Amino acid sequence: MKHKHVRAIFPGSFDPITNGHLDVINRGVKMFDELIVAVGQSPVKEELFTQAERVEMIKELVRDMPDVTVESYECLTVNFAAEKKCDVMLRGLRNLTDVQYEFQLAMTNRAVAGVETVFVMTSEEFGFVNSTMVRQVAMLGGDVSNLIPRSVYDCVKTKLAR
């Protein structure tokens, strides 16, 4: 049986990227031949880092993963996935709230663009972590060093010191 080359996209705003996101990336690398970490912008979220800053932080974190690339995009996620000829969209799930939202999104993406979604459960220790919470805690002076990679934590401290 011939092996089908599978390219997946892992989209998100990653502002900032968390240990939970890295957990999903590490799982995705084992499942797919290629993984594109697609850094988008959320029209409803106030960003801490620019899109270019987020791309650079993630590139540094995945530099030793040969089948992972990091790119930014400005269009609908399904359009970017089609442009990159991705077979699958990878999404992480933390809780039941995620399941409901992501299920609706996956059904819409399949109906609108024919894109399939593969879900992975995050590891238990990351089940409560999201970028919005990390930003808010950090902005109020809380310690988020155990929730995000060390290099990202350093960037957060530097950004908030300004």
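Notes on the structure in this doc start here. Quantities reported herein were computed from a predicted structural model and do not represent experimental measurements.

1. Some points on the overall build of the protein chain
Argument step 1. Along the protein chain, the regular secondary structure elements total six helices and five strands.
Argument step 2. Reading the protein chain from its N end, one meets helices and strands in the order β-α-β-α-β-α-β-α-β-α-α.
Argument step 3. A compact globule built from 162 residues would reach a C-alpha radius of gyration of about 15 Å, and the protein chain, at 16 Å, matches this within 12%.
Argument step 4. Based on the C-alpha atoms only, the size of the protein chain along its principal axes is roughly 55 × 35 × 30 Å.
Argument step 5. Looking at the protein chain residue by residue over its 162 residues, the buried ones come to 44%.
Argument step 6. Pairs at least 24 residues apart make up 74% of the contacts formed inside the protein chain by residues separated by at least 6 positions.
Argument step 7. Put simply, the protein chain shows about 9,300 Å² of open surface, and 54% of that area lies on carbon and sulfur atoms.
Argument step 8. A distance of 1 Å separates the average location of the 19 positive side-chain charges in the protein chain from that of its 22 negative side-chain charges.

2. Re the side chain of Ser-131
Argument step 1. Structurally, the position occupied by Ser-131 is in helix H5 (residues 131-139).
Argument step 2. What makes Ser-131 buried here is its relative accessible area of 7%.
Argument step 3. For Ser-131, the residues in contact, after removing those within four places along its chain, are Phe-14, Asp-15, Pro-16, Thr-18 and His-21.

3. Side note on the packing of aromatic side chains
Argument step 1. The final tally for this structure, using the stated rule, is two aromatic pairs.
Argument step 2. Ring geometry for Phe-10 and Phe-14: centres 5.3 Å apart, planes at 70°, overall edge-to-face. Taken individually, Phe-10 and Phe-14 each receive the classification buried, so the pair is uniform in this respect.
Argument step 3. Here Tyr-73 and Phe-80 contribute two aromatic rings whose centre-to-centre distance is 4.8 Å and whose plane-to-plane angle is 15°, an arrangement assigned as stacked. Like Tyr-73, the residue Phe-80 is buried in the burial classification.

4. Some remarks on the nonpolar core
Argument step 1. Counting 33 residues, the largest nonpolar core has Ile-25 and Ile-58 as the members making the most contacts within it.
Argument step 2. Secondary structure elements with two or more residues in this core: strand E1 (7-12), helix H1 (19-31), strand E2 (34-39), helix H2 (51-61), strand E3 (68-72), strand E4 (88-93), H5 and helix H6 (150-161).
Argument step 3. Setting aside its immediate chain neighbours within four residues, Ile-25 contacts Phe-10, Ile-17, Leu-35, Val-37, Val-62 and Met-65.
Argument step 4. Core analysis: the next-biggest nonpolar cluster, separate from the first, contains ten residues, Ile-36, Ala-81, Cys-86 and Val-115 among them.

5. Quick word on the pattern of salt bridges
Argument step 1. Per the stated rule, a full pass over the model turns up twelve salt bridges.
Argument step 2. Between Glu-34 and Arg-7 there is a salt bridge, and its shortest N-O distance comes to 3.0 Å. In this pair, Glu-34 sits in strand E2 while Arg-7 sits in strand E1, placing the two residues 27 residues apart along the sequence.
Argument step 3. You can call Glu-34 partly exposed: its relative accessible area is 24%.

6. Quick word on the sheet that holds E3
Argument step 1. Here five strands make up an open sheet; going across it, the order is E3-E2-E1-E4-E5 and the pairing parallel. For this open sheet the edge positions go to E3 and strand E5 (116-121), each flanked by a neighbour on one side alone. Strand after strand, the sheet turns through a mean of 30° between neighbouring axes, direction not considered.
Argument step 2. Pairing between E1 and E4: two bridges, direction parallel.

So, how was this worked out
Residues numbered from 1 in each chain as written. Predicted model: local features only at pLDDT ≥ 70, side-chain atom pairs only at ≥ 80, totals over all residues. Heavy atoms only, no water. Helix = DSSP H or I, 4+ residues; strand = E, 2+ residues; numbered from the N terminus. Rg over C-alpha atoms; globule rule 2.2 N^0.38 Å. Buried < 20%, exposed > 50% of the residue type's maximum accessible area, 1.4 Å probe, protein only. Contact = heavy atoms within 4.5 Å. Areas by Shrake-Rupley, 256 points an atom, 1.4 Å probe, with all protein chains shown as cover. Lys, Arg positive; Asp, Glu negative; His and termini not counted. Charge placed at Lys NZ, Arg CZ, Asp CG, Glu CD. Phe/Tyr/Trp six-rings, centres within 6.5 Å; stacked < 30°, edge-to-face > 60°. Core = buried A, V, L, I, M, F, W, Y, C linked by side-chain atoms within 4.5 Å. Salt bridge = Lys/Arg side-chain N within 4 Å of Asp/Glu carboxyl O. Pairing = 2+ DSSP bridges. Axes fitted to C-alpha atoms, helices over the stretch in contact; angles between N-to-C directions.

Nothing here speaks to function; it is geometry throughout.
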